[in-house]
Amino acid sequence: MTRRDPPDLFAPYDESAQPAVPIEGYANTFRRNPARPPIPRPYTRTARTGPLDLSPKLKPGDDNLAVIAPGRIALGQLIHVSGRVLDEDGRGVPGAVVELWQANAAGRYFNPLDTRDAPLDPNFVGNGRTLTDREGRYAFFTIKPGAYPVPDSGRWWRPPHVHVSILGPSTLSRLVTQMYFSGEPLNAHDRLLNSLPDAAARPRLLARQIPPQEVEGEWLAFSWDIVLRGRHATPPAP
Amino acid sequence: MIRPNAPLPPTAWHTIGPFFPRTFFREGDNDLTRLSAEAAPTARGEHILLRGRVLEEGGRPCVNAVLEAWQADAAGRFRHPLDPGWREADPDFLGWGRAWTDAEGAYSFRTVMPGGYADPAGPRAPHVDLAVLASGIMRRLVTTVFFPDFPDANEADPVLRAVPEGLRHLLVARPDGRSEGLRAFRFDLLLRGAPDAETPFFVD
Ligand SMILES: [Fe+2]
């Protein structure tokens, strides 16, 4: 097969490694997903490009969720999460905006829509935004989020997780996902994590704990790499 | 680590869930015409408003949806190295914006009328790509907005042509009067509904 090799290669996602909907106990997965299968389209320039510098607009620089002001430290287990944002060739993606949000140590979000009867922490908002460096590395401090039950779902509890949104070099490389912690007993029962039909795809959403003896600080550290869609997708700096 | 023959599998998508932080939205995020809230808007092109509602099954408003828009500048160029003309792209135009829906499911963008361009896949009509994120949407939904000003270009557009003929009108925004001194266009999205009313979405 001859293949014209454009400078970028995007293929539709492997469906077996992406969530299948609807999901039991999550009514919005019924109401909000189209009945018609998505329509195949050519990937034209609009899809293959994307905003290269969102820093002025989104103003990243908030990578410590555990301290909201000097001396005001969130309750919970202090953790450090780091890793690389890669393209499918394993090249680091520089300059990607990484947005994070999560529940507090008691499993409650600082969000007026979370009306659960669990305590809010006055020292924890749980949102941050950072930028990958030249090698595609990102890192942030936070506290380990608590688990929380999903309302009206028949005792489905979300395991501890961090929501992550990444704005990479192309609109086709856009990614929103959730990071889980390896070894959590609730992972085996989570309906979102297990909505990936291919069981081999699930561990890729799990952060790995770095052995404490390798961590130079008084926190627990986790490592998690993120792969954005696209081969040869990392554009040269303009 | 470059593995040209063994690409890494892309990380799986998940929903934004019900608690996407409201503090992530700032004034001007839904304004594509400027690089930041502080920057002056671009002087090129016709400034327009693109607005509408996001509805879920039964026509109920989809509250707290996030819409992300991406489009070419007024001359049909992208400030991105994959566009051969990127050096001539409008330096004051970002082309990206993010809007969110209110209790009625309503959203609004301020932008410029995009230019069309020649793509290897065919001549692209002026258009805005929209991605929808919301609780329960496990992978973003992607669609494209076209404009009623360009019926001939729309007819030739390779992406619009991929849509069954009877549904193409659903992807063409409607004139919606004037606001803030600008022409406004209306584009409603029905995430799930009758086959002749549900918004066509594309393979991402
Ligand atoms: Fe969550």
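A brief structural summary. (Residues numbered from 1 in each chain as written. Chains lettered and ligands numbered in written order. Predicted model: local features only at pLDDT ≥ 70, side-chain atom pairs only at ≥ 80, totals over all residues. Heavy atoms only, no water.)

### Quick word on the overall build of chain B
Consideration 1: The helix and strand inventory of chain B stands at 1 helix and 11 strands.
Consideration 2: N-terminal to C-terminal, the α/β element order of chain B is β-β-β-β-β-β-β-β-α-β-β-β.
Consideration 3: Its C-alpha atoms give chain B a radius of gyration of 17 Å, near enough to 17 Å, the size a compact globule of 204 residues would have.
Consideration 4: Dimensions of chain B, computed from C-alpha atoms along their principal axes, come out at roughly 55 × 45 × 40 Å.
Consideration 5: With 204 residues in all, chain B has 56% of them scored as buried.
Consideration 6: The contacts of chain B with a sequence gap of at least 6 include a subset with a gap of at least 24, amounting to 69%. (Helix = DSSP H or I, 4+ residues; strand = E, 2+ residues; numbered from the N terminus. Rg over C-alpha atoms; globule rule 2.2 N^0.38 Å. Buried < 20%, exposed > 50% of the residue type's maximum accessible area, 1.4 Å probe, protein only. Contact = heavy atoms within 4.5 Å.)

### Brief notes about the pairing of strand β2 (residues 66-71) of chain B
All names here are of chain B.
Consideration 1: Burial of β2 is extensive: 6 of the 6 residues sit out of reach of the surface.
Consideration 2: What you see with β2 is no split at all: Val-66, Glu-68 and Trp-70 on one side and Leu-67, Ala-69 and Gln-71 on the other are buried throughout.
Consideration 3: Note that β2 and strand β3 (residues 96-100) share 5 bridges and pair antiparallel. Each residue of the ladder has a partner; that of Val-66, found in β3, is Trp-100.
Consideration 4: Taken together, the 6 bridges between β2 and strand β7 (residues 127-133) define a ladder with antiparallel strand orientation. Paired with Glu-68 across the two strands is Ala-131, which belongs to β7. (Pairing = 2+ DSSP bridges.)

### Considerations on the coordination of the iron ion
Residues and elements named next belong to chain A.
Consideration 1: Only Tyr-109 (OH), Tyr-148 (OH), His-161 (NE2) and His-163 (NE2) from the protein coordinate the iron ion, and they sit 1.9 to 2.2 Å from it.
Consideration 2: Its 4 donor atoms give the iron ion angles of 89 to 158° at the centre, a pattern that matches the irregular case.
Consideration 3: The sequence motif formed by the donor residues of the iron ion is Y-x38-Y-x12-H-x1-H. Highlighted residues: Tyr-148 in strand β7 (residues 148-149) and His-161 in strand β9 (residues 161-167), separated in sequence by 13 residues. Note on accessibility: Tyr-148 and His-161 belong to one class, buried. (Donors = N, O, S within 2.8 Å, 3.2 Å for Na, K, Ca; no water. Tetrahedral: all angles 85-135°; square planar, octahedral: opposite > 155°, others 65-115°.)

### Comments concerning the sheet that holds β2(B)
All names here are of chain B.
Consideration 1: The 4 strands lie next to each other as β3-β2-β7-β8, forming an open sheet whose pairing is antiparallel. Strands with a single pairing partner mark the edges of an open sheet, and in this sheet they are β3 and β8 (141-146). Each neighbouring strand pair of the sheet contributes to a mean axis angle of 25°, computed without reference to strand direction. (Axes fitted to C-alpha atoms, helices over the stretch in contact; angles between N-to-C directions.)

### Remarks on the interface of chain A and chain B
Consideration 1: The interface is formed by 85 residues belonging to chain A together with 84 residues belonging to chain B.
Consideration 2: Taken over both partners, the interface formed by chain A and chain B buries close to 7,500 Å², and the fraction arising from carbon and sulfur atoms is 57%.
Consideration 3: A per-residue breakdown of the area chain A buries against chain B is headed by Arg32(A), Arg45(A) and Lys57(A), which together make up 12% of the total.
Consideration 4: Between Arg32(A) and Glu56(B) there is a salt bridge, with the nearest N and O atoms lying 2.7 Å from each other.
Consideration 5: At the junction of chain A and chain B, the tally comes to 47 residue pairs in polar contact (both at pLDDT 80 or more). (Buried area = accessible area lost by both parts, 1.4 Å probe. Salt bridge = Lys/Arg side-chain N within 4 Å of Asp/Glu carboxyl O. Polar contact = N/O pair within 3.5 Å; in protein donor to acceptor, adjacent residues only side chain to side chain.)

### Here's the deal with the pattern of salt bridges
Consideration 1: Applying the stated criterion across every chain, the model contains 27 salt bridges over all chains.
Consideration 2: Of the charged contacts, one joins Glu38(B) and Lys59(A) as a salt bridge, the two residues approaching to 3.2 Å between their closest N and O atoms. Residue Glu38(B) is located in the segment before β1 (47-55), and its partner Lys59(A) is located in the loop between α3 (55-58) and β1 (67-69); the two belong to separate chains.
Consideration 3: Here Asp89(A) ties to Arg231(A) by a salt bridge, and the two come within 3.1 Å at their closest N and O atoms. Taken together, the residues span a long stretch of sequence, with Asp89(A) in the loop between β3 (78-86) and β4 (97-102) and Arg231(A) in the segment after β13 (226-227) at a distance of 142 residues. Each member of the pair, Asp89(A) as well as Arg231(A), carries the same accessibility label: buried.
Consideration 4: Shared partners join several salt bridges into a network, and the residues in it are Arg41(A), Arg229(A), Asp129(B), Arg140(B) and Asp204(B).

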